[in-house]
Amino acid sequence: MTAGAVSRTFPIPGIADNAIGLKTIEEAVAVRDKLMSNFDKAASIPAGPERDRLLTVVVVGGGFAGIEVFAELRSLASALVSKYPQLSFDDTHFHLIEAMGRIMPEVSLKTSEWVLKDLAKRGASVHLDTQVTGAVDGNVELSTGEVIPTDLIVWTAGVMANPTVVRGGDLPVEERGRIRTRADLRVGTAEEAVEGAWAAGDVSAVPDLSGGGVGGYCVPNAQHAVRQAKVLAKNLVAVLRGERTKDYFHKNLGAVAGLGLYNGVFQSGKIALKGFVAWVAHRGYHGLAMPTWERKWRVLWGWWNNLWLGRDIVNLETVQNPRYVFEEFAARPRPAAPAAPAEKPAPAQVADEKDVPVAKDAASKDAAPKAAAAKAPAAKAAAKKPAAKKAPAKETADTKA
Ligand SMILES: Cc1cc2nc3c(=O)[nH]c(=O)nc-3n(C[C@H](O)[C@H](O)[C@H](O)COP(=O)(O)OP(=O)(O)OC[C@H]3O[C@@H](n4cnc5c(N)ncnc54)[C@H](O)[C@@H]3O)c2cc1C
């Protein structure tokens, strides 16, 4: 079982409807495109509350993912400003909301404070000790009473083991909802293993034999996930061959984050790097960690192009709704006209035409279905009238004609 994790949210009004998570590539692409679309829209309207809303970004959660997306979006927005003469840097507003008194628990307090200062220099506000209490209609309400109207809320306040597979099965689960494994990645507890079941990555609680894990388990990150995958594969083969399995062991290498172009932060033990050097370490590490040479080549080639050509600012937001334009303008068959009445009660119809004038407009194409529909009940009603009353009516009509 390697079904990963999903965003963990709380029942805050408006979040489920207005925010977006950051757990998938699709979400990351949508966030980027949304910022670009909002710049397009903002550039075509006068200054005011609506333009402010479009140019305001709120990120919830000051962990690694939150700080990275916040700093990268700030960097992207600064680059975009130069493409829009109508907009200036001061028109853009960036807010990160963090419930705790610090950001990035994976790095030292000193390093995290450097990140805060760096973000402040770039015009991005971080609200510490603050919680989001509402986000109805995109108005982000804070526990401090402040309200921030925005069109882009990115939720990065935690992850949880994929509930679909955890809740749907009967594998042993620990208190945080992850599938419990032994050190060799076999699902089960020290007392009892589940025959034929194995787990790794974010969905699982794997004992951290290095002693560095939170609560004794490996933290959910790719550093562990990709290494666990290799151990799991080897252990499966070992079991099939009747050999002994190996326990998973990995000592955390540290943490590295990108904070926008040419800026980053790196921490391993007491060693901390900041700024450009950390950014190079960030790109270097992720380039090396990228699985398969094919993927490495594609990603590195993208970085190389960006280095010389600058950011690719092509907005592909409509990819999320690719049939929109086609559907909007597609020709559709006209609705079929209702079948004509089998028998035409001639005398009654003439008399009823006074009461049902739309029937005379039947030649008009728009009126045709209405006229036919109106005529049908009229004819039906007429048929119910006594015959004696119809005769004089016909006479009158014939005389007039
Ligand atoms: C923004 C962000 C930045 C990150 N940066 C870093 C970093 O710099 N370094 C680091 O070490 N870690 C980082 N991480 C964490 C890292 O991405 C995860 O820890 C890692 O991807 C976990 O791997 P996984 O294989 O367990 O799960 P995933 O990568 O989530 O893969 C699980 C897969 O299972 C699929 N799946 C789910 N349910 C089912 C089902 N029922 N049937 C079939 N398939 C299913 C999912 O679609 C998904 O493709 C970051 C995470 C985020 C969100």
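Residues numbered from 1 in each chain as written. Predicted model: local features only at pLDDT ≥ 70, side-chain atom pairs only at ≥ 80, totals over all residues.

### Notes on the overall build of the chain
Point 1. Scanning the chain from N- to C-terminus turns up 13 helices and 17 strands.
Point 2. Within the chain, the proportion of its 401 residues that are buried is 26%.
Point 3. A separation of at least 24 residues holds for 61% of the contacts in the chain among residues at least 6 apart in sequence. (Helix = DSSP H or I, 4+ residues; strand = E, 2+ residues; numbered from the N terminus. Buried ≥ 20, exposed ≤ 12 C-beta atoms within 10 Å, placed from the backbone. Contact = placed C-beta atoms within 7 Å.)

### Here we look at helix α4 (residues 64-81)
Point 1. Spanning 18 residues, α4 covers 26 Å between terminal C-alpha atoms, matching the ideal 26 Å at 1.5 Å per step.
Point 2. Buried within α4 are the following residues: Ala-65, Gly-66, Ile-67, Glu-68, Val-69, Phe-70, Ala-71, Leu-73, Arg-74, Leu-76, Ala-77 and Leu-80. (Expected span 1.5 Å × (residues − 1).)

### Points about the site of the ligand
Point 1. The environment of the ligand is made up of 18 residues, and the closest members are Gly-4, Gly-201, Asn-221, Ala-222 and Ala-225.
Point 2. Of all the elements in the fold, those that place two or more residues in the shell around the ligand are α6 (163-168) and α7 (222-240).
Point 3. For the shell around the ligand, the element with the highest residue contribution is α7, accounting for three residues.
Point 4. In terms of residue class, the shell around the ligand is made up of nine nonpolar, seven polar and two charged. (Near = placed C-beta within 6 Å. Nonpolar A, V, L, I, M, F, W, Y, C, P; charged D, E, K, R; others polar.)

### Describing the sheet that holds strand β17 (residues 271-274)
Point 1. Reading across from one edge, β15-β16-β17 is the order of the three strands in this open sheet, with antiparallel pairing throughout. Lying at the two open borders of the sheet, with one neighbouring strand each, are β15 (255-258) and β17. Taken over all neighbouring pairs, the strand axes of this sheet differ in orientation by 5° on average, direction set aside.
Point 2. Sheet analysis places strand β16 (residues 264-268) next to β17, joined by four bridges and oriented antiparallel. Bridged to Gln-267 within β17 is Ala-272.
Point 3. Packing against the sheet, helix α8 (residues 276-289) makes contact with β15, β16 and β17, and its axis sits at approximately 75° to β16. (Pairing = 2+ DSSP bridges. Axes fitted to C-alpha atoms, helices over the stretch in contact; angles between N-to-C directions.)

### A closer look at helix α2 (residues 25-43)
Point 1. Taking 1.5 Å per residue as the helical rise, α2 with its 19 residues ought to reach 27 Å, and the 27 Å between its terminal C-alpha atoms agrees with that figure.
Point 2. Among all positions in α2, only Ala-30, Val-31, Lys-34, Leu-35, Asn-38, Phe-39 and Ala-42 are buried.
Point 3. Buried-residue contacts for α2 involve β2 (19-20), α3 (49-54), β3 (56-60), α4 and β9 (152-155).

### Considerations on the sheet that holds strand β5 (residues 124-127)
Point 1. Read from one edge to the other, the open sheet built from five strands follows the order β2-β9-β3-β4-β5, with strand pairing classed as parallel. The open sheet has two free edges, formed respectively by β2 and β5, since each of these has just one partner strand.
Point 2. Examined bridge by bridge, β3 and strand β4 (residues 93-97) share five bridges and lie parallel to one another. Residue Val-60 lies in a different strand from β4, and its bridge partner there is Ile-97.

### Details of the nonpolar core
Point 1. Ranked by size, the top nonpolar core spans 48 residues in total, and within it Leu-35, Val-58, Val-59, Val-60, Phe-70, Ile-153 and Val-154 carry the most contacts.
Point 2. Looking at which element gives the most residues to this core, the answer is α4, with nine residues.
Point 3. In terms of nonpolar packing, the next biggest core, distinct from the first, is built from 14 residues, Ile-179, Ala-200, Ala-205 and Val-231 among them. (Core = buried A, V, L, I, M, F, W, Y, C linked by C-beta atoms within 7 Å.)

### Quick notes on unusual backbone geometry
Point 1. With a phi angle near 80°, Leu-185 is a residue other than glycine that sits in the positive phi range.
Point 2. By the secondary structure assignment, Leu-185 is in the loop between β11 (179-180) and β12 (186-188).
Point 3. On the neighbour-count criterion, Leu-185 (27 C-beta atoms within 10 Å) is buried.
Point 4. Of note, Tyr-262 is a non-glycine position whose phi angle comes to about 65°, a positive value.
Point 5. Following the sequence through the fold, Tyr-262 ends up in the loop between β15 and β16.

### Regarding the pairing of β5
Point 1. Judged from the four bridges that link them, β4 and β5 form a sheet pairing that is parallel. Bridge pairing in β5 links Ile-97 to His-127.
Point 2. At this point the chain moves from β4, through helix α5 (residues 109-121), to the parallel β5, and the crossover so formed is right-handed. (Right-handed = clockwise from strand over helix to strand, strands pointing away.)

### Focus on the environment of Leu-307
Point 1. Secondary-structure assignment places Leu-307 in helix α9 (residues 293-309).
Point 2. With 46 residues separating them along the chain, Leu-307 and Leu-261 place their C-alpha atoms 9.8 Å apart.

### As for the confidence of the model for the chain
Point 1. Of the residues in the chain, 85% reach a pLDDT of 70 or more, and the chain-wide mean stands at 86.
Point 2. Every residue in residues 348-401 is under pLDDT 50, and counting partners more than four places away or in other chains gives 51 contacts. (pLDDT = per-residue confidence, 0-100.)

### A short note on the packing of α2 against α4
Point 1. Close contact between α2 and α4 brings their axes to 11 Å; oriented N to C, the two are set at 35°. For the element pair α2 and α4, the recorded crossing hand is right-handed. Contacts between α2 and α4 involve Val-31, Leu-35, Met-36 and Phe-39 from the former and Val-69, Leu-73, Leu-76, Ala-77 and Leu-80 from the latter.
Point 2. Residue composition of the contact of α2 with α4, by class: nine nonpolar, no polar and no charged. (Left-handed = near helix turned anticlockwise from the far one by under 90°.)

### Details of the environment of Phe-276
Point 1. Looking at where Phe-276 falls in the secondary structure, it is placed in helix α8.
Point 2. Residue class for Phe-276 comes out exposed when judged on the 12 C-beta atoms lying within 10 Å of it.
Point 3. For Phe-276 and Val-265, which are 11 residues apart along the polypeptide, the C-alpha to C-alpha distance reads 8.6 Å.
Point 4. With sequence-adjacent residues up to four places away left out, Phe-276 is seen in contact with Tyr-262 and Asn-263.

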